[in-house]
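Geometric and topological summary
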Amino acid sequence: MIRIDSHIHFPAGCERQPDIGSGLIRNAMRNGIGACVVSHIFGEKMGQDLHFPSSEGIRLANGFAAAQCRLNPGRLFFMGYVNPQNPDWQEEMDRSIAEGACGIKLWVSLKDSRGSLENTIRVLRRAAVRKMPVYLHVFNRTGGNLPGEIDMAEFAELAQTVPDCRMIAGHTGGNWRRSAEIIARCPENAWMETGGSNPDLGMVDGILKFCPPERLLYGSDAPGRAFFPQIWKILESALSEADRERVFCRNAMELLSIPEPRPIPETEEIYGPVPGPENIDHCCFCGRYPFEPRPEFSPEELENALAGEGIDKAYTADFGAIFGADIRAENRRFLQQCRTLERVRPLAVADPAAPDRDAVLSEISADSGWAGLWLSPAFHHWRADDPAYTEFLQRCAALGKPVFINCGFYEPRFFRPELSLRPVSDDELISFLKKYPFGRCIVQGKTPPAGAGEFGHCLWCYTQLTDRGGALAAMLKQTDAPKLVRGSEFPFRHLHETLAAARAAVRCG
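Let us look at the structure shown here. Note that the structure is a prediction, hence the values are computed from the model and not measured.

Let us look at the overall build of the protein chain. Per the secondary structure count, the protein chain includes 18 helices and 16 strands. For the protein chain, the C-alpha radius of gyration of 24 Å lies close to 23 Å, the compact-globule estimate for 509 residues. Considering the protein chain as a whole, with its 509 residues, one finds that 58% of them fall into the buried category. Of the contacts formed within the protein chain by residues at least 6 apart in sequence, a portion of 76% connects residues at least 24 apart. Here the protein chain displays about 19,900 Å² of accessible surface, and carbon together with sulfur accounts for 49% of that area.

Shown next as structure tokens:
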């Protein structure tokens, strides 16, 4: 099945790469994508505020996109970018359409300094007259949106205000769980697009409860996002083959007036080894996640799922112990549930900043059933290199068990406000690893920083690397690359997704 990616960009600095469009298309075709729709908004003369770009910058960026499309006919199409707050937006729209744009793109600059959407409504009405679909960047961020940025509720209002304009809600609001029920209020002139966020398990099926497949588009947000994880969102859904084809290409062809892409030519595949053992997962979770209505997986249910995916071991922490008030009691309960299991390797949770930390560690050290220790400076809010925790962390190292350092999971941009995350900086983490030479250390939820390769005892889950276009392949090419291992972040992601994404990355690297 040939796919159309309705949402890609050129990377920063692309103006100095005259064949950038061809390179993106080659990478897309290795992932089964026959055509891409690009919008370019990062010209060198965009002005100081990229969210509210200048007229000159937009004109140069749209011109560059149009030229790249002419170099890649039938494979690359573009949307003309418009800033509604610029007085010459109509001139720029008309110029883009004359250059062959298949739609209009609106990013963050949708509200004026007073917070009004009046200028954006004028743009939408003009686009309706010109019979141009409009892609709008829509986001629901934890802590509030950027100035000028709209959320899903505002998108629904715009769609109702200008019913003659066909509109696409980019990212489906980003935080699709927060957006889902609002989607049901969107009229039939509104489409949803899936790109630009982590491949959240159940995302597409959740959206389809409120949006028919006829109004859903596949998009990736590449190269900021890797192609394959965004494709996975569609592949792991319960869509029928006919509806999957709609989402992957037919809807884009009809909405954007794009011809059916030519067959993808046979190309020589570029393969490389996937880092780390494929049958061991170094980042899983069990229990009830308290901040969202996600399915709850018991250790026994995870054991069965692991067997189905051919995973021999999964180092697993329990949400009850991570977020509960009584870590000791939750650890005991979790370990008891795992006693007879072979694949689920239980990790004991400890918090150096907790008042009962010594009692917790004493209980952990007294039971040989634990496969390792799970520490999170991100969720338990302690600084990894703080001298106040030196003695406790030395005791952790003395246990002789693998120590898992968790720096985050999922997407903080979409966390519920009551879930506070403490960012762990690169310098802090490097200082921590130098200070505490654990016998074996596994880092979750963090892209390896510069210098990570010097720690031979440390393994890094490649989860985040698979999300960014070319990031994993680039890391593996480094002469001093750190040791990388598989980590799924289940149940936030499908158990198989990050491994499949890593295979795609080394194939296309």
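There is more to say after this.
As a further point, take the nonpolar core. One finds Phe285, Leu429 and Phe432 to be the most contacted residues of the largest nonpolar core, which totals 79 residues. With residues up to four places along the chain from it excluded, the contact list for Leu429 reads Ile405, Cys407, Val424, Val443, Lys446 and Trp460. With 63 residues, the next largest nonpolar core counts Phe78, Leu106, Ala156 and Met192 among its residues.

Our next topic: the side chain of Asp467. On the secondary structure map, Asp467 appears in helix H16 (residues 463–467). Ignoring anything within four residues of it in the chain, the contact list for Asp467 reads Asn198, Pro199, Gly224, Arg225, Ala226, Pro229 and Arg493.

So, on to the environment of Arg126. Along the chain, Arg126 falls in helix H4 (residues 118–129). Separated by 36 residues in the primary sequence, Arg126 and Gln90 have C-alpha atoms spaced 7.8 Å apart. The contact partners of Arg126, leaving out residues within four places of it in the chain, are Trp89, Gln90, Met93 and Asp94. A polar atom in the side chain of Arg126 sits 3.3 Å from the side chain of Asp94.

A few words on the pattern of salt bridges. Under the defined criterion, the tally for this structure stands at 34 salt bridges. In this structure, Asp200 engages Arg294 in a salt bridge whose closest nitrogen and oxygen atoms are separated by 2.9 Å. With Asp200 in the loop between strand E7 (190–193) and helix H7 (203–208) and Arg294 in the loop between strand E9 (280–286) and helix H10 (299–309), this residue pair connects regions lying 94 residues apart in the sequence. Relative accessible area serves as the criterion here: at 2%, Asp200 is assigned to the buried category.

What follows deals with the packing of helix H2 (residues 55–71) against helix H3 (residues 89–98). Here H2 crosses H3 at 10 degrees, and the two axes come no closer than 10 Å. With respect to H3, the axis of H2 lies roughly parallel. Contacts from Ile58, Arg59 and Asn62 in H2 reach Glu92, Arg95 and Ser96 in H3. Class assignment for the residues of the contact of H2 with H3 results in one nonpolar, two polar and three charged.

We now examine the sheet that holds strand E5 (residues 134–137). Judged by pairing direction, the sheet is parallel, and its eight strands sit side by side in the order E1-E2-E3-E4-E5-E6-E7-E8 without closing on themselves. Where the open sheet ends on each side, the last strands, each with one partner, are strand E1 (3–8) and strand E8 (216–217). Pairing geometry for strand E6 (residues 167–170) and E7, over three bridges, is parallel. Residue pairing in the sheet places Ala169 in a bridge with Met192 of E7.

Bringing the environment of Ile182 into the picture now. Checked against the element boundaries, Ile182 lands in helix H6 (residues 176–183). In this structure, the C-alpha to C-alpha distance between Ile182 and Ala153, residues 29 residues apart in sequence, is 6.2 Å. When near neighbours in sequence (up to four residues on either side) are disregarded, Ile182 contacts Met152, Ala153 and Ala156.

A few words on the environment of Gly21. Along the polypeptide, Gly21 turns up in helix H1 (residues 20–30). The class of Gly21 is buried, set by a relative accessible area of 0%. Sequence spacing of Gly21 and Pro402 is 381 residues, and the spatial spacing of their C-alpha atoms is 45 Å. Ignoring anything within four residues of it in the chain, the contact list for Gly21 reads Phe10, Gln68, Asn72 and Leu76.

Let's shift gears to the packing of aromatic side chains. Enumeration according to the criterion identifies 28 aromatic pairs in this entry. Geometrically, the ring pair formed by Phe319 and Phe492 is edge-to-face, given 5.9 Å between the ring centres and 80 degrees between the ring planes. You can see Phe319 sitting in helix H11 (residues 319–323) and its partner Phe492 sitting in the loop between strand E16 (483–485) and helix H18 (497–508), a full 173 residues away along the chain. As far as the burial class goes, Phe319 and Phe492 line up, both buried. Judged by centre distance (4.7 Å) and plane angle (25 degrees), the ring pair of Phe409 and Phe492 falls under stacked. With Phe409 in the loop between strand E13 (403–406) and helix H15 (426–435) and Phe492 in the loop between E16 and H18, this residue pair connects regions lying 83 residues apart in the sequence. Comparing Phe409 with Phe492 shows no difference in burial state: the two are buried. A network of ring pairs unites the aromatic residues Phe285, Tyr289, Phe291, Phe319, Phe323, Trp374, Phe379, Phe409, Tyr410, Phe415 and Phe492 as a single cluster.

In this fold, Thr390 is placed in helix H14 (residues 390–398). A polar contact of 3.0 Å, which involves the side chain of Thr390, links it to the backbone oxygen of Pro387. Non-local contacts of Thr390, meaning those with residues more than four positions away in its chain, are made with Lys435 and Tyr436.

A word on the state of the cysteines. One pass over the full model with this rule turns up zero disulfides. Cys14 takes part in no disulfide bond, and the closest cysteine sulfur, belonging to Cys69, lies 12 Å away. Exposure remark for Cys14: the relative accessible area of 0% places this residue in the buried category. This cysteine, Cys441, is not joined by any disulfide, and Cys458 carries the nearest cysteine sulfur, 4.3 Å off.

Calculation notes
- Every chain's residues receive numbers from 1 upward, in the order its sequence appears when written.
- Where local features are concerned, this predicted model is filtered to residues with pLDDT of at least 70; where side-chain atom pairs are given and counted, the filter is 80 or more; whole-chain, interface and lining totals use all residues.
- Only hydrogens and water are set aside; all other atoms, that is, all heavy atoms of the structure, feed into the side-chain values.
- Put simply, DSSP marks the helices as runs of H or I at least four residues long and the strands as runs of E at least two long, and each gets a number from the N terminus on.
- Atoms considered for the radius of gyration are the C-alpha atoms alone. The globule rule reads 2.2 Å times the number of residues to the power 0.38.
- Remark: exposure states derive from per-residue accessible area (1.4 Å probe, protein chains only) relative to the maximum for the residue type, with buried under 20%, exposed over 50%, and partly exposed in between.
- In this analysis, two residues are considered to be in contact whenever any of their non-hydrogen atoms come within 4.5 Å of each other.
- Here the open area of atoms and residues is found with the Shrake-Rupley method and a 1.4 Å probe, where only the protein chains shown may cover a residue.
- We call a set of buried residues a nonpolar core when its members are Ala, Val, Leu, Ile, Met, Phe, Trp, Tyr or Cys and they connect through side-chain atoms within 4.5 Å of each other.
- Each polar contact in these results corresponds to two N or O atoms within 3.5 Å; when the atoms are within protein, one needs to be able to donate a hydrogen and the other to accept it, and residues that are neighboring in sequence are counted only if both atoms are side-chain atoms.
- The working definition used for a salt bridge is a side-chain nitrogen of Lys or Arg within 4 Å of a carboxyl oxygen of Asp or Glu.
- Orientation is described by lines fitted to C-alpha atoms, with helices fitted over the stretch in contact, and by angles between N-to-C directions that extend from 0 to 180 degrees.
- Any angle that falls under 35 degrees is termed roughly parallel, while one over 145 is termed roughly antiparallel, one within 65 to 115 roughly perpendicular, and all others oblique.
- Gly is placed with the polar residues, together with every amino acid not listed as nonpolar (Ala, Val, Leu, Ile, Met, Phe, Trp, Tyr, Cys and Pro) or charged (Asp, Glu, Lys and Arg).
- We call two strands paired when DSSP finds no fewer than two bridges between them.
- Stacked, tilted and edge-to-face are the three classes applied to pairs of Phe, Tyr and Trp rings, where Trp contributes its six-membered ring and a pair requires centres within 6.5 Å; stacked means planes under 30 degrees apart, edge-to-face means over 60, and tilted covers the rest.
- Put simply, a disulfide is two cysteine sulfurs that come within 2.5 Å.

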